[in-house]
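Here are the chains, one letter per residue:
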Amino acid sequence: MTQTLAAYCRERVAVVRAADRFRRRRVIEGAHGSVVVADGQRCVNFCSNDYLGLASEPALARRMARAGEQLGTGSAASQLVTGHNAEHAALEAELADWVGRERALLFSTGYAANVGVISALMGKADHVVADALNHASLIDGARLSGAQKHVYVHADADDAARQLAACGTGNRLLVTDSIFSMDGDTAPLSALAEQAAEHSAWLAVDDAHGLGVFGPQGGGRVAEARLDSQRVPLLLATLGKSVGAAGAFVAGDDVVIEAILQSARSLIFSTAPPPALAAAAREGVALARAGDRQRVHLMALIERFRHGARALGLPVSDSDSPIQPLLLGDEAQALAASDALLARGFLVGAIRPPTVAPGTSRLRITLTAGHDEAQVEGLLAALAAAVAPVTANRRRA
Ligand code: PMP
């Protein structure tokens, strides 16, 4: 007997609740920033990916409003029909120039870009070789492509080489995040590029968390490692993090981008982003490129946080990026720590399975250039009061 949809869904939700994994959305009132009002409570926000503080920058909002007045709200069609506005074209040219590639192609989101690019280029006869901790969108892109999947030990270029060597005939795509979203650590990009060249594989890097934060003019982790389009022919990044807007892009040689434009289904069968959003992103790109002062400030905050957290005996990772996890292990403990911080006015996410492996639950603290030193000192004081005693007890136990 088939169930009613409502009965089936009630059971699904009950299973999530029983596993203590029920999640709800907070309602944020007002603008995003280093301080937010979440569910009516004002708190310092250490959950955001707005690494340069541009999401609430008035210059972006003004540009978006102006473009909205002139161009309207909707793009009204997909890119290959009539959705590709001059604002989108200009943004693509500016993005390509920023990351030093011939051409860039916009997508609505990073998720759509990753799924679209991988499934456009790879097929059943091919091989995708992927880091074990890659972002869900890269995993889903590989699944959708139907290619054979080979997963290598996280950030281990030697294991990636072994997996590449074991691929049979067919094209090979080596794919990795640059900075891993739940750990904040960085892939061994140069070593992976070497292995890709050695084994005739194409390398795709998702620089979602590196763009705007690292490299000359914030060109990203790939630019910082000086990896050109020969070595990293597929460079992906989102505009929803350091650029302070939304959308995403893939950049590479002209012919590669053309092939993706002709076949990426998440782009072809989807309405183009609003042109006013592209206008805001253009402002975000210009400010991110010129954002050395913000990058210096952000790096100082990261150092201050790491030094302070280490001094408190907290389980600091070796991440040098704005993503600073504190690995607590136990799910209940991570949740309790997040609640205790919120009670002190600090919004910090507890990341639990299935987002991370069982036994690796953590607090995920993200720092941005929008924070000031006093806010980081405040967070450290709250951690000292609410979390350090618990982790110290665990070490003694
Ligand atoms: N890649 C990585 C590494 C990410 O962390 C994210 C966002 N969490 C995405 C892609 C998806 O980007 P978007 O939010 O623009 O869909």
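Cut-offs used in this document
Residues numbered from 1 in each chain as written. Predicted model: local features only at pLDDT ≥ 70, side-chain atom pairs only at ≥ 80, totals over all residues. Near = placed C-beta within 6 Å. Helix = DSSP H or I, 4+ residues; strand = E, 2+ residues; numbered from the N terminus. Nonpolar A, V, L, I, M, F, W, Y, C, P; charged D, E, K, R; others polar. UniProt positions renumbered as here; feature names shortened; annotations may be inferred. Buried ≥ 20, exposed ≤ 12 C-beta atoms within 10 Å, placed from the backbone. Contact = placed C-beta atoms within 7 Å. Pairing = 2+ DSSP bridges. Core = buried A, V, L, I, M, F, W, Y, C linked by C-beta atoms within 7 Å. Domains from an automatic or database assignment. Axes fitted to C-alpha atoms, helices over the stretch in contact; angles between N-to-C directions. Expected span 1.5 Å × (residues − 1). Arc of directions from axis to C-beta. Parallel < 35°, antiparallel > 145°, perpendicular 65-115°, else oblique. Left-handed = near helix turned anticlockwise from the far one by under 90°.

### A word on the site of the ligand
Then, number 1: Taken together, 14 residues surround the ligand, and among them Thr109, Gly110, Ser181, Ala208 and Thr238 come closest.
Then, number 2: Sort the elements by how many residues they give to the shell around the ligand and helix 5 (residues 110–121) lands first, with three residues.
Then, number 3: Split into classes, the residues belonging to the shell around the ligand amount to three nonpolar, nine polar and two charged.

### Let's talk about the UniProt feature "domain: Aminotransferase class I/classII large" (unreviewed entry) in the chain
Then, number 1: When the UniProt feature table is mapped onto this chain, "domain: Aminotransferase class I/classII large" (unreviewed entry) is found at residues 43–383.
Then, number 2: Within the segment residues 43–383, helix and strand shares are 45% and 17% respectively, and the terminal C-alpha atoms sit 15 Å apart.

### Observations concerning helix 6 (residues 136–145)
Then, number 1: Among the residues making up helix 6, those that are buried are Ser137, Leu138, Ile139, Gly141, Ala142 and Ser145.
Then, number 2: The inward-facing, buried residues of helix 6 abut helix 5, strand 5 (127–131), strand 6 (148–152), strand 7 (172–177) and strand 8 (202–206).
Then, number 3: Gly146 occupies a position one or two residues after helix 6 and carries a positive phi of about 80°.

### Structural notes on the pairing of strand 9 (residues 234–238)
Then, number 1: For strand 9, a buried count of five out of five residues is recorded, marking the element as mostly surrounded by other parts of the structure.
Then, number 2: Here strand 9 shows no split at all, with Leu234, Leu236 and Thr238 on one side and Leu235 and Ala237 on the other all buried.
Then, number 3: Relative to strand 9, strand 8 is paired through three bridges, and the arrangement is parallel. Paired with Ala204 across the two strands is Leu234, which belongs to strand 9.
Then, number 4: As paired strands, strand 9 and strand 10 (residues 248–252) are joined by four bridges and run antiparallel to one another. Bridge pairing in strand 10 links Thr238 to Ala248.

### A short note on the nonpolar core
Then, number 1: Core analysis: the biggest nonpolar cluster contains 113 residues, and Phe249 and Val250 have the highest contact counts within it.
Then, number 2: Tallying contributions element by element places helix 12 (residues 275–289) first for this core, with nine residues.
Then, number 3: The residues that make up this core include at least three from each of domain 1 (28–52 + 292–396) and domain 2 (58–289).
Then, number 4: Not counting residues up to four positions away in its chain, the partners in contact with Val250 are Ala104, Leu105, Ala113, Val117, Leu234, Leu235, Leu236, Ile257 and Ile260.

### Looking at the sheet that holds strand 11 (residues 323–329)
Backbone-to-backbone hydrogen bonds join strands into a sheet, with any given pair of strands oriented parallel or antiparallel.
Then, number 1: Taking strand neighbours across the sheet as the criterion, the three strands line up as 11-14-13 in an open arrangement whose pairing is antiparallel. The open sheet has two edge strands with one neighbour each: strand 11 and strand 13 (349–351). Mean inter-strand twist for the sheet, computed between neighbouring axes without regard to direction, equals 30°.
Then, number 2: Sheet analysis places strand 13 next to strand 14 (residues 361–366), joined by three bridges and oriented antiparallel. Bridging from a neighbouring strand, Gly349 pairs with Arg364 of strand 14.
Then, number 3: Sheet strands in contact with helix 14 (residues 331–343) are strand 11, strand 13 and strand 14, and its direction is about 35° off that of strand 14.

### As for the domain arrangement of the chain
Then, number 1: By the assigned domains, the chain splits into domain 1 (28–52 + 292–396) and domain 2 (58–289).
Then, number 2: Contacts between domain 1 and domain 2 engage 18 residues on the former and 15 residues on the latter.
Then, number 3: Listing elements by their share of the side of domain 1 that touches domain 2, those giving two or more residues are helix 13 (292–311) and strand 11.
Then, number 4: The element that contributes the greatest number of residues to the side of domain 1 that touches domain 2 is strand 11, accounting for three residues.
Then, number 5: Within the side of domain 1 that touches domain 2, the residues separate by chemical class into eight nonpolar, six polar and four charged.

### Comments concerning the pairing of strand 11
Then, number 1: Where burial is concerned, most of strand 11 is hidden: five out of the seven residues are buried.
Then, number 2: Strand direction decides the pairing type here: strand 11 and strand 14, joined by six bridges, are antiparallel. Considered in strand 14, the bridge of Leu326 is made with Leu363.

### Side note on helix 15 (residues 373–386)
Within an α-helix, residues lying three or four positions from one another point in the same direction, as the helix has 3.6 residues per turn.
Then, number 1: Helix length check: helix 15 (14 residues) gives 20 Å between terminal C-alpha atoms against 20 Å at 1.5 Å per residue, within 8%.
Then, number 2: Among the residues making up helix 15, those that are buried are Val376, Leu379, Ala382 and Leu383. Angularly, the buried residues of helix 15 cover 120° about the axis, an arc narrow enough to put them on a single face. Summarising the geometry of helix 15, the exposed residues directed more than 90 degrees from the buried face are Glu373, Ala374 and Ala385.

### Focus: the packing of helix 7 (residues 157–166) against helix 8 (residues 189–198)
Then, number 1: Between helix 7 and helix 8, whose axes approach to 9 Å, the crossing angle comes to 15°. Here helix 8 runs roughly parallel to helix 7, going by the angle between their axes. You can see that helix 7 and helix 8 cross each other, and the crossing is right-handed. Contact residues: Ala157, Ala160, Ala161 and Leu164 in helix 7; Ala191, Leu192, Gln195 and Glu198 in helix 8.

### With respect to unusual backbone geometry
Then, number 1: Here the bond from Pro353 into Pro354 is cis, since omega is 10°, no more than 30 degrees from zero.
Then, number 2: On the secondary structure map, Pro354 appears in the loop between strand 13 and strand 14.
Then, number 3: In the Ramachandran plot, Ala155 falls in the positive-phi region, its phi being about 60° despite a non-glycine side chain.
Then, number 4: Structurally, the position occupied by Ala155 is in the loop between strand 6 and helix 7.
Then, number 5: The exposure class assigned to Ala155 is buried, which follows from the 20 C-beta atoms found within 10 Å.
Then, number 6: In this structure, Gln217 is a non-glycine residue whose phi angle is positive, near 50°.

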